[in-house]
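# Chains, contacts and geometry: an overview
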Amino acid sequence: MTKQNVSGPKSGVNPAMFAAAVTKAPLLGSCINDITSKSTLVEITGGPRIIKSWVDSMRASSPTHDHMSTTLYEDRTSWMVHHPSAVDMFEDITSASKGKKIVMFLDYDGTLSPIVDDPDQAFMSDAMRGTVKNLARYFPTAIVSGRCRDKVYNFVQLAELYYAGSHGMDIEGPSKGSKYYKKGAQTVLFQPANEFLPMINKVYKELLDKTKSAEGVIVENNKFCVSVHFRCVDDKKWGELAQEVWSVLKEYPKLILSQGRKVLEIRPIIKWDKGKAIEFLLQSLGYAKCDDVFPIYIGDDRTDEDAFKVLSKRGQGLGILVSKVPKDTHASYSLQEPCEVMKFLQRLVEWKRLSLRRRSKIQKQLEEIKASLKY
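To continue, consider the layout of surface pockets. By volume, the second largest pocket amounts to about 320 Å³. Lining the second largest pocket are 17 residues, with S97, G99, K100, W351 and K352 positioned closest to its centre. Breaking the lining of the second largest pocket down by element, the ones donating at least two residues are α4 (90–96), β3 (101–106) and α11 (338–373). Top contributing element to the lining of the second largest pocket by residue count: α11, with four residues. A class-by-class count of the residues in the lining of the second largest pocket yields seven nonpolar, five polar and five charged.

This is the structure:
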């Protein structure tokens, strides 16, 4: 099986990528300087005043326990009215999906695995892996992560899934074990930011050098983006960290900064994010213009809001935010932590299994009735 890189302005997507035909991929040239998720982006130019802006944004996206009491929704009960538990509202969700094809999109960190101090130790449990494996038997399932695709694959270890790493800038379909994969089909490696790889690698090395004496900082190379984790950094030192990151990033106008849960993300300034990734995957599956598709996206981070907004705009499917605290979100439902995510996915698998069993039983009864009418 061969791989095809899709990176140039004239490159299309091989229609054999998945089970259905795929139209041309977005042109990279049209993506430059077309920024999407302004709510998660941080201005780079401007000197000292920008450092303060960065720190303010770091605190807003990564509130401490003291700050949580002053969040937008102080009353969790009130927030839950607008974002009820997906487990409690399971029947409503399955009812809304009736007669439609469910497609599952899952973030990794904080969704399938717990948030940990060391990102290299963010292992998913065997029970969660088994649950996701069962999920993929019944629904097309994709992992959409800010992590490098190879890294998240090593965590999940399921070849039958779709993987979109680097916030969707590195996408690959199932290699085997999926009924959505055609034997002998060519696997396409879709990488719209391929030309930025040398720049990303250079910035990664510079940030490593700049922050080597900063206690608690972890700089992670996620192939098409660089993640600067500050979960273990004293919040009094965030200003110094912002200064170090800015001193590097100001020299690279083709890169942008966005923020997640105690992480700074440096990535190419192209119109591509998790929202664009799920649109691409739906297109790849042949569901781009279908009215009978029901995408479900589950994620815990600010970068997942791009995906939630896409589903809201499409008027199809729904987003589920994983969070123990109230947050401003475009998601329709909520779950508190990965163990609740697993419970929701397990119920979804069981619901589908029983539905297919009932359908098979009815079909068998109809065949028996038809057979009896012949005599």
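If you trace the backbone, D170 turns up in strand β6 (residues 170–172). Remark: the alpha-carbon pair of D170 and A277, spanning 107 residues in sequence, is separated by 9.0 Å. Contact partners of D170, with chain neighbours within four places excluded, come to R149, Y163, A164, G165, L189, F190, Q191, K223 and F224.

For the rest of this paragraph, the subject is the nonpolar core. Counting 56 residues, the largest nonpolar core has F105, L207 and I266 as the members making the most contacts within it. In terms of residue count, helix α8 (residues 238–249) provides more of this core than any other element does, seven residues in total. Leave out the neighbours within four places in its chain, and F105 touches A142, V144, I278, L281, L282, P295, I296, Y297 and I298. Grouped together as the second largest cluster of nonpolar side chains are 38 residues, I93, Y333, L335 and V349 included.

Our next topic: empty space enclosed by the protein. This structure, assessed with the given rule, holds three cavities of 30 Å³ or more. Here the largest cavity is characterised by a volume of approximately 370 Å³. Elements represented by at least two residues in the lining of the largest cavity include exactly β9 (226–229) and β11 (263–268). Across the lining of the largest cavity, the residue classes tally to six nonpolar, seven polar and 12 charged.

Parameters and conventions
Residues numbered from 1 in each chain as written. Predicted model: local features only at pLDDT ≥ 70, side-chain atom pairs only at ≥ 80, totals over all residues. Heavy atoms only, no water. 1 Å grid on protein atoms, 1.4 Å probe; cavity = no way out; pocket = protein on both sides within 12 Å on 5 of 7 lines; lining within 4 Å. Points joined across faces, edges and corners; volume = space filled by probe spheres on them. Helix = DSSP H or I, 4+ residues; strand = E, 2+ residues; numbered from the N terminus. Nonpolar A, V, L, I, M, F, W, Y, C, P; charged D, E, K, R; others polar. Contact = heavy atoms within 4.5 Å. Core = buried A, V, L, I, M, F, W, Y, C linked by side-chain atoms within 4.5 Å. Buried < 20%, exposed > 50% of the residue type's maximum accessible area, 1.4 Å probe, protein only.

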